[in-house]
Amino acid sequence: MMELNLSRVDYLQVGITSPKSLKLLPPAGKKDPTQKVVVADHNGVLQCFSLKKGEPNHVFKTLPGNKMVRVELGGPLGQVREKIFVATGPEVKGFNKKGKQFLGFDTNMSESILAMHVEGADLFVSGNYIYNHYKDCKDTNYYLCQDKVNDIIVLPVERIPEIMPVLACQDRVLRVLQDSDILYEVETPGPPSTLCMYAGTGGDEGNEILYGTSDGRIGLVEIGRLAPSHRWELPNEKRNGGVLCLDNYDMTADGILDLVVGRDDGLVEIYGYDEADEPILRHTTTCSESVTSVQGGRVANGTFDEVVCTTYAGWVIGLTTHTMTEKATGPGGARVVDRDVQAKIIHLRQEMEALQQKVIQEREKYQVTAQHKNAISAVPQFNINDKFVLNKEDASYTLSLEVQMAIDNVLIQSDVPVDLLDVDKNSAVVSFSACNPEEGNYLLATYRCQANTTRLEIKVRSIEGQYGTLQAYTTPRLQPKTCVVKQYPIKPLSLHQRTHVFDENRPNCSLKLMGNFSLAEIHSWVTFCLPELPERTPAGDTAVFHFVSTFLDTQLMCQYKKGEGLFKSDNISTISILKDVLTKEATKKKIRLDISYDINEESVAHLLNLIHPKLEYQLVLAKKVQIIDALKELQVHESDTSFLSAEYQQILQDAEKLQEEYKKQPCCLERLYGMITDLFIDKFKFKGQNVKSKVPLLIEHLDNYDLGQLIQFFNASG
C-alpha cells in the first residue's frame, strides 16, 4: 500500500467561496495532461486558470457581478464535460472553456439557486425548498420540499434510463424523485449536506451515491428502483467537522478511485477501500479554514496527482504528491535551492514589498483624511460563516465562527444558563467576566485569538426548560475596530434532534391541546420550542415530527393540525415544558386552549432506568477525582505504595485521564441531579401537588444513590 505524503501549495486567492464552487476541466489531450482550474466566488467573478512553473496563468476572468454559489460541468451526453455552468441568484449562466458566454437563463424561481446539476440538455436546480427540472430551458418538473434542500444530484442518464433526481434535505432524508413526485425517502444518520456519485459514475449499476452530513458522517447508499440499500456508514468518532464536499480520485495509485473529503473544520481526508469495499483512512491534512471544494487531478504537473481545494476565505490550494525538496549539493553538504524555487522566492519577496508600500501609502492617506473636521470613518464590511449545530455524541452545541481575515476576539453573552465546554482544537485564551443573573445576564466570556486565527469553535451545553438567546460579538483585526453580532436561539427543548422512529411500546405520556388556532400558528409555537424544524408551514392538513433527546435518549412525537395538537413522550418533564411554553405562546396570541393530559406512572421508573448508567458513572468519576489529591500526597510521603488496594493504585495510574475527563464534563452531575429533581416536581405537578419541600430529601437519596430506593422514594412521595 502506497503511503501518501502530500505537500501544500497555495496557488491563488479569490473572493469568499460557497461549497462546490471549483471544478477541474478535463485535460486538453495526451500531449498536455495538465488540467485547468475553474472557480467562482461571492464577488461574482468566474475565472479559469492553468499553472505554469507554479504560477497561475489566466485563461479568462469575468467582471464582478452577483454572488456565484455553484459551478457544474456539462456537455452532450456521452461526450467530454467541458462546458461551465454557474448559478448566480435565480439565473444560470453557461461559458465555454475559453470564457465565451453561450447561456444566460433566468429560471424565474422565487428563491435563489443554491444547488445545481447538469445532465446533457437537462438542468436541475433547487433553492431552499423548491426543486425545478428544465429540459432545453423549458420548465418540465417541479417539487416543493418539506424541509431545506442542501444538495441535488441525478443518477447518470446514460446508465439509468429514467431521470431520477436525489435531494439531500435538512430533515435527515434523501428524497428520490420521479418527474414531479416523490418515489421514496432514504433516512440518513445526520442532515445530509453534500452528495457525490460513488466512483464518479455511480458504481457498477450507476445507482450508488455517497453522502456527507453536517455532523461529520459519510455514507454510501444504493438507490434501487423501488427501495434503497445502505452499503456502509462512517461514524464521526473523532468529532471532526461537518462534510462540505466529496470527490473520487485515485491518489494512492492502486487503480481504484479513492474518496476525498473536505470538512468545515479545515480537514481534508483521503480514504482508500479494502477488499470488502469498506473505506479506510489513508491521509489527513489540516487547513486553517473551512474546505468548500475538493477535486482530484493533475494541475501543476502532468505527472503528479494532487487534490485542489478551495477554502471559505477564497484560497485555492493544491495538496500534491510532488515532493517539495531542496537539492543538497556543494561542499560540506551545503544546500542549494532549486532555480525555479529561488525565482519564486524572489518574486514573492517583490510582491510583499509592493504590498507593504501600498499599505503604508493607504494608511497615510487615511490618516490625512481622518484629521479633516468633517471626516467620517468608514466602517469595514465583512462576512461571517457561522454554524450552530447540535452534537448527538455529547449533547452539546458547536458554535463555529469563520471570517475572511484574522479574528481579534469573540465575546459570548447569554441570557440563559449555559456551560462552556473545552474544545481541543481551540487555541484561543478564554476569560470570564462577572455576571448578574438578576439582570438576565448568565454568561459573559471573551475568547482572545492568536495571530492569524480565522476560525473559532466554541462548545456550549444548554439546560432544557430554560430558553433565551446566545449572542456572539466577533471583532476581526481591522481598523477601525468593527464588530458583528450574531444571535442564536436556545430553545426550550434545545437538546432534542429530529429522528424518523417512535416507539409506541414505551410508557409514553401524552398532552392534547384543543383551540381556535391555525396549522401555521401551532407550527410556529412548536418551532419556537424545538430545533431542526422548517420555518415554512408543512404542506397538507396534518404535521407529524419525531424527536429524540441527545442527552437522555427519550423520545417525543408532535402531531398537530388546525385546532388540535397531540404530543407524546416517555419523559414527563418534556411534556411539562411543552405545556408551559405552548400555553404561554397561545396566551400571547389571546387564544384559549383546552388542555388534557395522560401521565403514565411507569414512565418515571423507565426514565430513572435510562438515567441510571450516566448517573452511576458520574458519581463514581466524581468520587475518584475527589481522592486523587490525597492519594498523590500519600505517594509523595511513601516510597512504596504497593500496600494500596488495586482500585486505588488504578486511580493513581489513571489520575490525569480521570481529571481530564472530569474537566470535559463540567456540571454533568449537577445536570443529572437537576433532571431528576425536575422529574420529581413535574410528576406531582400534574397531580396538583407541590413537593418542593421534599427536594432536600431527594438530594439525600441521590448523594447515597441506589436506583431501587430512588424509585421507591418517587412512588412513596406525594
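Scroll up to find the structure this text is about.
Below you will find a few notes about this structure. Residue positions within a chain follow its written sequence, with the count starting from 1. Residue-level local features of this predicted model are given only where pLDDT is at least 70; pairs of side-chain atoms are given and counted only at 80 or more, and the full residue set underlies all totals for whole chains, interfaces and linings. Calculation of side-chain values draws on the structure's entire complement of heavy atoms; hydrogens and water are dropped beforehand.

### Observations concerning unusual backbone geometry
So, point 1. Located in the positive-phi region is Arg172, a residue other than glycine, with phi close to 65°.
So, point 2. Under the DSSP-based scheme used, a helix requires at least four consecutive residues in state H or I and a strand at least two consecutive residues in state E, with every element numbered from the N terminus. With respect to the helices and strands, Arg172 occurs in the loop between strand S15 (165–169) and strand S16 (173–178).
So, point 3. The rule is simple: take the accessible area with a 1.4 Å probe, protein chains only, and divide by the maximum for that residue type; under 20% is buried, over 50% is exposed, in between is partly exposed. Overall, Arg172 belongs to the buried group, its relative accessible area being 3%.

### Structural notes on the state of the cysteines
So, point 1. Counting rule for disulfides: a pair of cysteine sulfur atoms within 2.5 Å. Inspection of the entire model under this criterion finds zero disulfides.
So, point 2. Cys196 forms no disulfide, and the closest cysteine sulfur to it belongs to Cys245, at a distance of 9.8 Å.
So, point 3. By relative accessible area, which is 10% here, Cys196 ends up buried.

### Points about the pairing of strand S37 (residues 455–462)
So, point 1. Across the eight residues of S37, eight count as buried, placing the element largely inside the fold.
So, point 2. Neither face of S37 is open: one carries Arg455, Glu457, Lys459 and Arg461, the other Leu456, Ile458, Val460 and Ser462, and all of them are buried.
So, point 3. In the sheet, strand S32 (residues 396–403) pairs with S37 via six bridges, with the strands oriented antiparallel. In the sheet register, Leu401 faces S37, and the bridge partner there is Leu456.
So, point 4. Whether two strands pair depends on DSSP finding at least two bridges between them. Pairing of strand S34 (residues 418–421) with S37, which is carried by four bridges, proceeds in the antiparallel orientation. From the neighbouring strand, Leu421 faces S37, where its bridge partner is Lys459.

### Examining the nonpolar core
So, point 1. With 85 residues, the main nonpolar core has Ile412, Ile458, Leu530, Leu608, Leu615, Ile676 and Phe714 as its most contacted residues.
So, point 2. Counting residues per element, this core draws most heavily on helix H7 (residues 668–685), at nine residues.
So, point 3. Whether two residues are in contact is decided by their heavy atoms, any of which lying within 4.5 Å being enough. Not counting residues within four places of it along the chain, the set of residues in contact with Ile412 comprises Leu399, Leu443, Leu444, Ala445, Tyr447, Ile458, Leu470, Gln471 and Ala472. In these notes, a set of buried Ala, Val, Leu, Ile, Met, Phe, Trp, Tyr and Cys residues joined through side-chain atoms within 4.5 Å is what counts as a nonpolar core.

### Regarding the sheet that holds strand S5 (residues 55–61)
So, point 1. With antiparallel pairing, four strands are arranged side by side in an open sheet as S2-S3-S4-S5. Among the strands making up the open sheet, the edge pair consists of strand S2 (22–24) and S5. Between one strand and the next, the sheet's axes are offset by a mean angle of 25°, whatever the strand orientation.
So, point 2. Of the strand pairs in this sheet, S2 and strand S3 (residues 37–40) are connected by three bridges, and their pairing is antiparallel. In the sheet register, Lys23 faces S3, and the bridge partner there is Val38. Angles here are taken between N-to-C directions and fall from 0 to 180 degrees, while the axes themselves are lines fitted to C-alpha atoms, restricted in helices to the stretch in contact.

### Things to note about the packing of aromatic side chains
So, point 1. Put simply, two rings from Phe, Tyr or Trp (the six-membered ring, in Trp's case) pair if the centres are within 6.5 Å, and we call them stacked under 30 degrees between planes, edge-to-face over 60, tilted for the rest. Scanning the entire structure with this criterion turns up 13 aromatic pairs.
So, point 2. Ring centres 5.8 Å apart and planes at 90° place the aromatic pair Tyr198 and Tyr273 in the edge-to-face group. Here the residue Tyr198 occupies a position in the loop between strand S18 (192–197) and strand S19 (208–213), and Tyr273 occupies one in strand S24 (residues 267–273), the gap between them amounting to 75 residues. The same class applies to Tyr198 and to Tyr273, which are both buried.

### Section: the pattern of salt bridges
So, point 1. Put simply, a salt bridge is a Lys or Arg side-chain nitrogen that is within 4 Å of an Asp or Glu carboxyl oxygen. For the structure on display, the rule yields 36 salt bridges.
So, point 2. Ionic pairing is found between Arg239 and Asp394, a salt bridge with its closest N-O pair at 3.4 Å. Pair noted here: Arg239 is in the loop between strand S21 (228–234) and strand S22 (243–249) and Asp394 is in the loop between strand S31 (384–391) and S32, with a separation of 155 residues, a long-range link.
So, point 3. Taking the relative accessible area as the measure of exposure, Arg239 reaches 43% and is therefore partly exposed.
So, point 4. One salt bridge connects Arg298 with Asp305, and the closest N-O pair in it is separated by 2.8 Å.
So, point 5. Arg298 sits in the partly exposed class, given a relative accessible area of 28%.
So, point 6. Here the salt bridges do not stand alone but share partners, grouping Asp147, Asp171, Arg175, Glu185 and Arg498 into one network.

### Observations regarding the packing of H7 against helix H8 (residues 695–703)
So, point 1. At their nearest, the axes of H7 and H8 sit 11 Å apart, and the two run at 135° to each other. Taken together, the axes of H7 and H8 are oblique relative to one another. The chirality of how H7 crosses H8 is right-handed. Where H7 abuts H8, its residues Tyr673, Ile676, Thr677, Phe680 and Ile681 lie against Val695, Leu698, Ile699, Leu702 and Asp703.
So, point 2. Note on residue categories: nonpolar means Ala, Val, Leu, Ile, Met, Phe, Trp, Tyr, Cys or Pro, charged means Asp, Glu, Lys or Arg, and polar means any other residue, Gly included. Here the residues of the contact of H7 with H8 are counted per class, giving eight nonpolar, one polar and one charged. Throughout, the term roughly parallel applies to angles under 35 degrees, roughly antiparallel to angles over 145, roughly perpendicular to angles from 65 to 115, and oblique to all others. A clockwise turn of the near helix away from the far one marks a right-handed crossing, whereas an anticlockwise turn of less than a right angle marks a left-handed crossing.

### Here we look at the side chain of Asp250
So, point 1. Mapped onto the fold, Asp250 is located in the loop between S22 and strand S23 (258–263).
So, point 2. The buried charged residue Asp250 lacks any salt bridge partner; its closest oppositely charged side chain belongs to Arg298, at an N-O distance of 8.0 Å.
So, point 3. At 3.0 Å, the side chain of Asp250 forms a polar contact with the backbone nitrogen of Ala253.
So, point 4. N or O atoms within 3.5 Å of each other form a polar contact, as long as, within protein, one can give a hydrogen and the other can take it, and as long as residues adjacent in sequence are counted only when both atoms are side-chain atoms. Reaching out from Asp250, the side chain makes a polar contact with the backbone nitrogen of Asp254 at a distance of 3.3 Å. The charged-residue count follows a simple rule in which Lys and Arg add positive charge and Asp and Glu add negative charge, with His and chain termini not counted at all.

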